[in-house]
Amino acid sequence: MKIIPYYILQISLVVLLACCAKTPDKKQLVKRDITPEVMEEIYQEIKTPHKYGLVMVPEDNSYKLDCPSVFKHGDSWYMTYLIFDGRGYETWLAKSSNLLDWEYLGKLMSFSEDSTLWDRNQKAGYIALQDPTWGGSYEWTTYDNKYWMSYFGGDSKGYEAGVLSIGMAYSDSLPIYPHELVRLDKPVLTPKDDDVAWYDNSTMYKETVIRDFQGETGHEFIMYYNARGDSINPGRGAERIAMAVSDDMKNWKRYGDDALLNHHTGITGDPYIQRINDTWVMFYFGAFWKDGAFNRFAVSNDLIHWTDWEGEDLIAPSEPYDEVFAHKSFVVKHDGVVYHFYCAVNEEFQRGIAVATSKDLGKSKLDFVAPDEKKEEN
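Every value quoted in this text rests on a predicted model; they were computed, and no experiment measured them.

Here is what the cut-offs are and how they apply
Residues numbered from 1 in each chain as written. Predicted model: local features only at pLDDT ≥ 70, side-chain atom pairs only at ≥ 80, totals over all residues. Heavy atoms only, no water. Buried < 20%, exposed > 50% of the residue type's maximum accessible area, 1.4 Å probe, protein only. Helix = DSSP H or I, 4+ residues; strand = E, 2+ residues; numbered from the N terminus. Arc of directions from axis to C-beta. Contact = heavy atoms within 4.5 Å. pLDDT = per-residue confidence, 0-100. Core = buried A, V, L, I, M, F, W, Y, C linked by side-chain atoms within 4.5 Å. Pairing = 2+ DSSP bridges. Axes fitted to C-alpha atoms, helices over the stretch in contact; angles between N-to-C directions. Phe/Tyr/Trp six-rings, centres within 6.5 Å; stacked < 30°, edge-to-face > 60°. Lys NZ or Arg CZ within 6 Å of the ring centre and 35° of its normal.

Undergrad: Explanation requested: helix 2 (residues 36-46) in the structure shown.
TA: Structurally, the α-helix is built with 3.6 residues per turn, so residues lying three or four positions apart point the same way. What helix 2 keeps buried is the set Val-38, Met-39, Ile-42, Tyr-43 and Ile-46. Buried residues of helix 2, viewed axially, fall in a sector of 140 degrees; they line one side. Among the exposed residues of helix 2, those oriented more than 90 degrees off its buried face are Pro-36 and Glu-37. For helix 2, the secondary structure elements touched by its buried residues are strand 14 (267-276), strand 15 (279-287), strand 16 (293-300), strand 17 (307-308) and strand 19 (337-345).

Undergrad: Please explain the confidence of the model for the protein chain as it appears in this structure.
TA: Detailed reading of the predicted coordinates is not advisable wherever pLDDT falls low. Across the protein chain, pLDDT averages 92, with 91% of residues at or above 70. Here residues 1-22 is a poorly scored stretch, pLDDT under 50, and it has 3 contacts once near neighbours within four places are set aside; other chains count.

Undergrad: Would you take a moment to explain the nonpolar core for this structure?
TA: Across soluble globular proteins, nonpolar side chains have a tendency to be buried as a group. Among the nonpolar cores identified, the biggest contains 48 residues, and Met-56, Met-79, Trp-102, Phe-283, Phe-297 and Phe-341 are the most heavily contacted of them. For this core, the leading source of residues is strand 19, giving 6 residues. The next biggest cluster of nonpolar side chains, apart from the first, holds 22 residues, and it includes Tyr-170, Val-188, Ala-197 and Trp-252.

Undergrad: I would appreciate a short explanation of the sheet that holds strand 2 (residues 64-73) in the present structure.
TA: Through backbone hydrogen bonds, the strands of a sheet pair up, either in parallel or in antiparallel fashion. Strand order across the open sheet formed by 4 strands is 2-3-4-5, with antiparallel pairing between neighbours. Looking at strand neighbours, the two that pair on one side only are strand 2 and strand 5 (102-109), the edges of this open sheet. Adjacent strand axes in the sheet meet at a mean angle of 30 degrees when their direction is disregarded. As paired strands, strand 2 and strand 3 (residues 76-84) are joined by 8 bridges and run antiparallel to one another. Residue pairing for strand 3: Lys-72 is matched across the bridge by Trp-77.

Undergrad: Can you walk me through the environment of Gly-336 in this structure?
TA: Relative to the helices and strands, Gly-336 resides in the loop between strand 18 (325-334) and strand 19. According to the relative accessible area criterion, Gly-336 is exposed, its value standing at 56%.

Undergrad: How should I be thinking about the pairing of strand 20 (residues 351-357) in this particular structure?
TA: Across a regular strand the side chains alternate sides, sitting on one face of the sheet and then on the other. Across the 7 residues of strand 20, 7 count as buried, placing the element largely inside the fold. Neither face of strand 20 is exposed, since Arg-351, Ile-353, Val-355 and Thr-357 on one face and Gly-352, Ala-354 and Ala-356 on the opposite face are all buried. Relative to strand 20, strand 1 (residues 50-56) is paired through 5 bridges, and the arrangement is antiparallel. Bridge pairing in strand 20 links Met-56 to Ile-353. Between the end of strand 19 and the start of strand 20, which pair antiparallel, lie 5 residues, with Phe-349 showing a positive phi angle near 60 degrees.

Undergrad: Explanation requested: the packing of aromatic side chains in the structure shown.
TA: The relation between two aromatic rings is expressed through the spacing of the ring centres and the mutual angle of the planes. On inspection of all chains with the given rule, the structure shows 26 aromatic pairs. An angle of 25 degrees between the planes, with centres 5.7 Å apart, marks the rings of Trp-118 and Tyr-151 as stacked. With a gap of 33 residues between them, Trp-118 in the loop between strand 5 and strand 6 (122-127) and Tyr-151 in strand 7 (residues 147-154) connect regions that are remote in the sequence. Considered together, Trp-118 and Tyr-151 belong to a single accessibility category, that of buried residues. Relative to Trp-280, the ring of Phe-213 has its centre 5.9 Å away and its plane inclined at 15 degrees; by these criteria the two rings are stacked. With Phe-213 in the loop between strand 10 (203-211) and strand 11 (221-228) and Trp-280 in strand 15, the pair connects residues that are 67 residues apart, well separated along the chain. Neither residue differs from the other here; Phe-213 and Trp-280 are each classed as buried. Here the aromatic residues Phe-84, Tyr-89, Tyr-126, Phe-152, Tyr-159 and Tyr-205 are joined through ring pairs into a cluster of three or more. Over the face of the ring belonging to Tyr-170 we find Lys-146, whose NZ or CZ atom lies 5.3 Å from the ring centre. Across from the ring centre of Phe-294, 4.7 Å away, lies the NZ or CZ of Lys-290, which sits over that ring.

Structure below.
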C-alpha cells in the first residue's frame, strides 16, 4: 500500500475547499426576509456617490460606445462592450489593470455579409455564467467546457432597429483576446415564438444568464432579459424585465406568466445580478417613467420575486458628459471599492462609458472629442 505524504493531503484539502467555495451551494444559501431595513442595507453597500468620469470614449464621432460588461482573469480586468456605427451593434473587447484605464483589443462578434443570417446587422453580446459573488472573483465560468455569451441580434440596420431576438454564442477558450465567437444557428427566444408572452411580443433587448443557485425553478440556468410588448398593441408597449430558464444553454422557455419588474411605461431594462449579504440584487436602468435615464436596483431572496428600491437613483444625469442619459449598469466591488460602470450620453448624444465609485478616486481626464459642426440649412 502506497502511503501519501501528509503535506500532499493538506494541499489537496485546501484545493478541494477552494473549488467548493467558488460558487454558492444551493443548500447553504440563506433566505432573508426583504424588509425595508435590508433594502437600505443594500443601498448603503452599493451606492457610488463619486463620479470619476469617462473611461472609454470613441476616437471620433463615427461611432458610439454602449453596454459595458466586466470580468477578471488573473491580475487583469476585461470589458466586453458594444459599438454602434450606424449599421448596428458589434461586440468588442478591452483590457485594464486598474478598472480605470482601458485598452481597446478588438472584436468578439462582427457584422455578417450573408443576407440569410437572422443576426447579420446586430450582435449585442453580454457575459453569461459569471461568478455572481459580490466582491468575488468576477471570473467568466464555463458550462460544457465553453464560455458562453448571450446576445440580442437582428437583420435590420439602425439603432436597435427592427425585430430583435435573443441568441447564444460561445468560445472554447476564455475571451481575453479578440476572436469571433461561435453562434448558434437560430435565436433561442424571439417575439415570434409560439409561446410568446404579452410582455415580449414586440422586440427583445439585453439579457443576463446565471446558474439557478437557489434551485427553485427546477432548471439549471436563468436568463433575465428586457423586452417590449403589449396585449393590444405590441409595438407601443413598455419595456419590462422578464425571465426564461434552460437546462443546456441552448433551449430556453419563458418562466411565469408575468414580467418580474414592470413600471408600465417607458423602459425597465438591462438586468445584471449579484449576490450581496445573503440576498440577490438586480441592477437595472429606468427611462421615461420619470425624467431621463437612470440606474436603480431590486432585491430578491429566491431569484424569482423582486422588491423594487424606492429611494434615490444609484446613478442619474448630473455631469456634462452624462447630462442626457446615465444608464445601463455593470457593478463590481474590488479591494473594498465599488465601481459602477454605466453608459453616459451628453447633450450632443455622444455616447461613452463612465464609472462612479464608492471612494473618491479623483477625476478622469478623458473626454469626448469635439462634436461635429452642424451644417446650416440653405
